[in-house]
Amino acid sequence: MNPTTYLECLGLIESSVTTQDKLYYISLLPSLRIGNPLYKEGLELLAKETDQTVIDALSAEIYQFLVTLTPEERDVFNYVSDGYIDSNPGIVGNAFSSYVGIYINQQGEYT
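Here the structure is a predicted model, which is why all the values come from computation and not from measurement.

## Some words on the pattern of salt bridges
So, point 1. Following the criterion strictly, the structure yields 4 salt bridges and no others.
So, point 2. Its salt-bridge partner being K22, residue E49 comes within 2.9 Å of it at the nearest N-O pair. Of this pair, E49 sits in the loop between α3 (39-48) and α4 (52-62) while K22 sits in helix α2 (residues 19-32), and the two are 27 residues apart along the sequence. As far as the burial class goes, E49 and K22 line up, both buried.
So, point 3. Measuring nitrogen to oxygen at the nearest pair gives 3.2 Å for the salt bridge that ties E44 to K40. In this pair, E44 and K40 are both assigned in helix α3, 4 residues apart and thus about one turn of the helix distant.
So, point 4. On the basis of relative accessibility, which here comes to 41%, the residue E44 falls in the partly exposed class.

## Topic: a nonpolar patch on the surface
So, point 1. Residues Y63, F65, V76 and F77 make up a contiguous nonpolar surface patch of roughly 350 Å² in combined accessible area.
So, point 2. Here V76 shows up in helix α5 (residues 71-77).
So, point 3. The exposure class of V76 is partly exposed, given its relative accessible area of 31%.

Quick notes on the rules
Residues numbered from 1 in each chain as written. Predicted model: local features only at pLDDT ≥ 70, side-chain atom pairs only at ≥ 80, totals over all residues. Heavy atoms only, no water. Salt bridge = Lys/Arg side-chain N within 4 Å of Asp/Glu carboxyl O. Helix = DSSP H or I, 4+ residues; strand = E, 2+ residues; numbered from the N terminus. Buried < 20%, exposed > 50% of the residue type's maximum accessible area, 1.4 Å probe, protein only. Patch = residues over 30% accessible without salt bridge, like charges linked within 9 Å, V, L, I, M, F, W, Y side chains within 5 Å. Areas by Shrake-Rupley, 256 points an atom, 1.4 Å probe, with all protein chains shown as cover.

Structure follows, in structure tokens:
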């Protein structure tokens, strides 16, 4: 079967039984790609894969950054989603305050 879309090809990789079939479909991905790979779907497939040969080939395809990432694509790779963490809240009681961790000011004082 010859897939016509990147997403269809990812589905065929997932449903294939043999390493040879999976590698064949992975080899088709670059020709079906429009812009960046489908990161979310590709990484989900990668997480399910157990064959190291397939993992290596799929990783080489997925980690392609050909055009600037969209905010949605960046969120796939972020530790947390953009907008989840606010900027440092600023001064509280004459000291800088931080939502996460310990803040050390320019004088070396911990707050």
